[in-house]
Amino acid sequence: MSDDLLPIGRFARLCRLSVKQLRHYDDLGLLVPAWTDPASGYRYYRPGQARDALLIGLLRSMHVPLPTVARVLSADGDGDGRGAGVGGGVGDALKEARDRIEADVARRQRGLRLLDRVVAEGLPEAEVSIVQEPARRVFTAREPATPSTIPDATGACVARLLHRMSPDGLLIGLFPLDVDEEFDVRVVVQADDGDDVLPGGSFASAVHVGPYEEIPLTVHGVLAWFGDYGHAPAGPIREVYLNDPATTPPEHLETRVQIRVEDSQ
C-alpha cells in the first residue's frame, strides 16, 4: 500500500461526502478506490481523486442524475479538469441535465399555478352537455410520454401535423383516460384525405377557457359529472383546440374537452 493513500473516512471528510456515499459510488463504478485491503475490505483513495469526488458531490447537490455524472467523469477523463470551461462531451452532458431540471421546474410551476387557482376558486364546476360527434377522417401523430412530459409530447405531435392543417380542419389531442408511467399521446388533424378515422359517438363535452396547462381542471369537472350521473367514461380524453395559441392570449384560449359516454352506445 502506498504511503500517499487516504483511508475512506479521511477522504470522505476531504470531499464532503459520507462514507456510505463513497461505498455506493464504488459499487456503481463511479469512483473506485485506489486500493482495497483484501483482508478487511477497507477502501483507500489517492488525494488526486478528490477532484472527481468533489465534482460528483457538486453535481448531485444540483440533482444531476448519476448516469449523467458518470458521463461527465468519463468525458473529462482525458484532461486534468482544471480548464476555465468544459469540453464538448462534458458540456453536452451537463446541458442535457440542465434541460431536464428546467423542464421539471416548468412542470412544478404549472402545478403551482393550478394549485393557486384551486385555492382561490375551489374545484371547478364544468358545464357539461351531451353531444353527438361524427366519425372524422384524420391524419395522426403519436409520441411517447410520461405524466410530466405531456406538454412536450403534444407540442411535438402538433409540429409534425402543421403542414396538414387547413383553415377549417379541427386539431384534436387524444390522451389516455388511465395514465400509466409511460403511454402514447396522439394528436389528429381533420382532413378529407386523412389516412385514419377518428370514431364518433356520444360524448360529455365542456368548454375550457384559459391556458392549456389548466385544462386538467375542466377534465376533472367532466369526470365529476360522470360520477354525479352514474355514467361510465371511455377514453381517450379529447381536447379540441378551438383557436390559435400563436394569436390568442392564454387566458382567452378555448378548448373543448370531450369524454365518450360508454354506456350510451
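Only a predicted model underlies this, so the values are computations on that prediction, with no experimental measurement involved. (Residues numbered from 1 in each chain as written. Predicted model: local features only at pLDDT ≥ 70, side-chain atom pairs only at ≥ 80, totals over all residues. Heavy atoms only, no water.)

Caption draft 1: Here's a closer look at the overall build of the protein. Helices and strands together make up the secondary structure of the protein, namely seven helices and 11 strands. For a compact globule of 265 residues, the expected C-alpha radius of gyration is about 18 Å, and the protein comes in at 27 Å, more than 25% above that figure. With the C-alpha coordinates of the protein rotated into their principal frame, the extents come out at 80 × 40 × 35 Å. Within the protein, buried positions represent 33% of all 265 residues. Taking the contacts inside the protein whose residues are at least 6 apart along the sequence as the reference set, 69% of them involve residues at least 24 apart. For the protein, the computed accessible surface area is about 15700 Å², with 52% contributed by carbon and sulfur atoms. Side chains of the protein carry 28 positive and 40 negative charges; the gap between the two charge centres is 8 Å. (Helix = DSSP H or I, 4+ residues; strand = E, 2+ residues; numbered from the N terminus. Rg over C-alpha atoms; globule rule 2.2 N^0.38 Å. Buried < 20%, exposed > 50% of the residue type's maximum accessible area, 1.4 Å probe, protein only. Contact = heavy atoms within 4.5 Å. Areas by Shrake-Rupley, 256 points an atom, 1.4 Å probe, with all protein chains shown as cover. Lys, Arg positive; Asp, Glu negative; His and termini not counted. Charge placed at Lys NZ, Arg CZ, Asp CG, Glu CD.)

Caption draft 2: How the structure looks around a nonpolar patch on the surface. A cluster of nonpolar side chains, namely Leu112, Leu115 and Val119, defines an oily patch on the protein surface of about 310 Å² accessible area. Relative to the elements of secondary structure, Val119 occurs in helix H5 (residues 88-121). (Patch = residues over 30% accessible without salt bridge, like charges linked within 9 Å, V, L, I, M, F, W, Y side chains within 5 Å. Salt bridge = Lys/Arg side-chain N within 4 Å of Asp/Glu carboxyl O.)

Caption draft 3: Quick look at the sheet that holds strand S7 (residues 183-190). With respect to topology, eight strands assemble into an open sheet ordered S4-S9-S11-S10-S6-S7-S5-S8, the strand pairing being antiparallel. Because the sheet does not close on itself, it has two edges, and the strands there are strand S4 (129-133) and strand S8 (196-198). In this sheet, neighbouring strand axes are inclined to one another by 40° on average, regardless of whether the strands run parallel or antiparallel. Note that strand S9 (residues 201-209) and strand S11 (residues 254-261) share seven bridges and pair antiparallel. Counterpart to Ala204 in the pairing with S11 is Ile259. (Pairing = 2+ DSSP bridges. Axes fitted to C-alpha atoms, helices over the stretch in contact; angles between N-to-C directions.)

Caption draft 4: Examining the sheet that holds strand S3 (residues 43-45) more closely. Spatially, three strands are ordered S1-S3-S2 in an open sheet, and the strand pairing comes out antiparallel. Because the sheet does not close on itself, it has two edges, and the strands there are strand S1 (6-7) and strand S2 (35-36). Here S2 runs beside S3; their pairing, made up of two bridges, is antiparallel. Directly across from Trp35, in S3, lies its bridge partner Tyr44.

Caption draft 5: Just helix H1 (residues 8-15), in detail. Every buried residue belonging to H1 is among Ile8, Gly9, Phe11, Ala12 and Cys15, and all of these are buried. Burial along H1 is one-sided: seen end-on, the buried residues are contained in an arc of 165°. Set apart from the buried face of H1 by more than 90 degrees, the exposed residues are Arg10 and Arg13. As for H1, its buried residues are in contact with S1, helix H2 (19-27), S3 and helix H3 (50-61). Two residues or fewer after H1 comes Arg16, characterised by a positive phi angle close to 60°. (Arc of directions from axis to C-beta.)

Caption draft 6: Structural view of the environment of Arg164. Mapping Arg164 onto the fold places it in the loop between helix H6 (150-161) and strand S6 (171-175). Residue Arg164 is classed as partly exposed on the basis of its relative accessible area, which comes to 36%. Sequence separation of Arg164 and Gln190 is 26 residues, and the distance between their C-alpha atoms is 8.6 Å. Excluding its chain neighbours within four sequence positions, the residues that come into contact with Arg164 are Phe139 and Val189.

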